Amino acid sequence: MTGETTLASEIATLRNRQPATGLVGPASARWRAAINQLLARGEFAAAAYGAYLLLDADRSSNGAQTVCRMLDVAPPTDDLMTTFVDDGTKELQIAPDSGSDSAVLVFSDVNHSIGMPFAFAHLWFGRLDATILYLRDFQKLCFIDGIRSLAPNWERTIRELRGILRGLGVRRLACYGNSIGGFAAIQYAIALQAEAVVSAAGPSDLAALRSPWGRRLQQASPVQNLRELLAAADAPPEVLVV
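Now for a description of the structure that goes with this document. (Residues numbered from 1 in each chain as written. Predicted model: local features only at pLDDT ≥ 70, side-chain atom pairs only at ≥ 80, totals over all residues. Heavy atoms only, no water.)

1. Examining the packing of aromatic side chains
- The full count for this structure, using the stated rule, is 10 aromatic pairs.
- Pairing phenylalanine 107 with tyrosine 188 gives two aromatic rings, centres 5.0 Å apart and planes at 55°, and the pair type is tilted. Taken together, the positions of phenylalanine 107 in strand S2 (residues 102–107) and tyrosine 188 in helix H7 (residues 180–191) put the pair 81 residues apart, joining distant regions of the chain. For the pair phenylalanine 107 and tyrosine 188, one class covers both residues: buried.
- Relative to tyrosine 134, the ring of phenylalanine 118 lies with its centre 4.8 Å away and its plane at 35°, an arrangement referred to as tilted. (Phe/Tyr/Trp six-rings, centres within 6.5 Å; stacked < 30°, edge-to-face > 60°. Helix = DSSP H or I, 4+ residues; strand = E, 2+ residues; numbered from the N terminus. Buried < 20%, exposed > 50% of the residue type's maximum accessible area, 1.4 Å probe, protein only.)

Take a look at the structure:
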């Protein structure tokens, strides 16, 4: 990703002067990766600049169109947001809201994001009256085996998360997950007795995953079907799958 990192820095610098002729020479995919890095670093104005340049050069770029649309509707960075600076080397990060007894656990997808970088997503999550806990699984096992920086397995990860939530004074909990993170969000919501959970394009049955990675999840997970898990739960959360 060195080339994309350099390009991201170039985009951020070029934003402060007149656009250069031929700026969009690199491949569209490389530009999208660089724009994504800017979003992950919280450099939203520079990301917008790069996205609109890419869109001007390549109107067929779905990635640039999506970023431009999202930046157009994104709320501003202001005092209504809790503070959060993403560290991509960490599996658990907390954006605390000391005045709230609510929390949201946000489970990443296999790319360690939720369809957008955590820093960009925090423009929305950070305005909630809740502490936000951002979660990654560097094993890329859909949190099935827990979060290794917290505990060696799923059961002890649940125990650690309960302790963290208790220490934060959390009394109301919700979960959110994107793609395969949606599967984890529902599973953890049941175990942690969350009130509600949102799964964005997440599977409900691992048997439906036909890829080699999907088969790896099937072998690793004691839970295959979330409908069965929800039906057996004593106090299941309210579930929204979108």
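2. Topic: the packing of helix H2 (residues 28–40) against helix H3 (residues 44–57)
- It is at 8 Å that the axes of H2 and H3 come closest, and there the two elements cross at 165°. It follows that H2 is roughly antiparallel to H3 by the angle criterion. Judged by the twist between their axes, the crossing of H2 over H3 is left-handed. Along the contact surface, H2 presents Ser28, Trp31, Arg32, Ile35, Leu38 and Leu39, while H3 presents Phe44, Ala46, Ala47, Gly50, Ala51, Leu53 and Leu54. (Axes fitted to C-alpha atoms, helices over the stretch in contact; angles between N-to-C directions. Parallel < 35°, antiparallel > 145°, perpendicular 65-115°, else oblique. Left-handed = near helix turned anticlockwise from the far one by under 90°. Contact = heavy atoms within 4.5 Å.)

3. Some remarks on the sheet that holds strand S4 (residues 172–178)
- Strand order in the open sheet made by the 6 strands is S1-S3-S2-S4-S5-S6, with mixed pairing throughout. The sheet is open, and its two edges are formed by strand S1 (92–95) and strand S6 (238–241), each paired on a single side. When strand polarity is set aside, the average angle formed by the axes of neighbouring strands in this sheet is 15°.
- Two strands pair when backbone bridges link them, and S2 and strand S3 (residues 131–135) are joined in this way by 5 bridges, in the parallel orientation. The partner of valine 104 across the bridge, within S3, is isoleucine 132.
- This element, helix H5 (residues 118–125), spans S1, S2, S3 and S4 of the sheet and lies at about 155° to S3. (Pairing = 2+ DSSP bridges.)

4. Re unusual backbone geometry
- Even without being a glycine, cysteine 142 presents a positive backbone phi close to 60°.
- Checked against the element boundaries, cysteine 142 lands in the loop between S3 and helix H6 (154–167).
- Classification of cysteine 142 as buried rests on a relative accessible area of 4%.
- At glutamine 193, a position not held by glycine, the phi torsion is positive, near 55°.
- Within the element layout of this structure, glutamine 193 appears in the loop between H7 and strand S5 (196–200).

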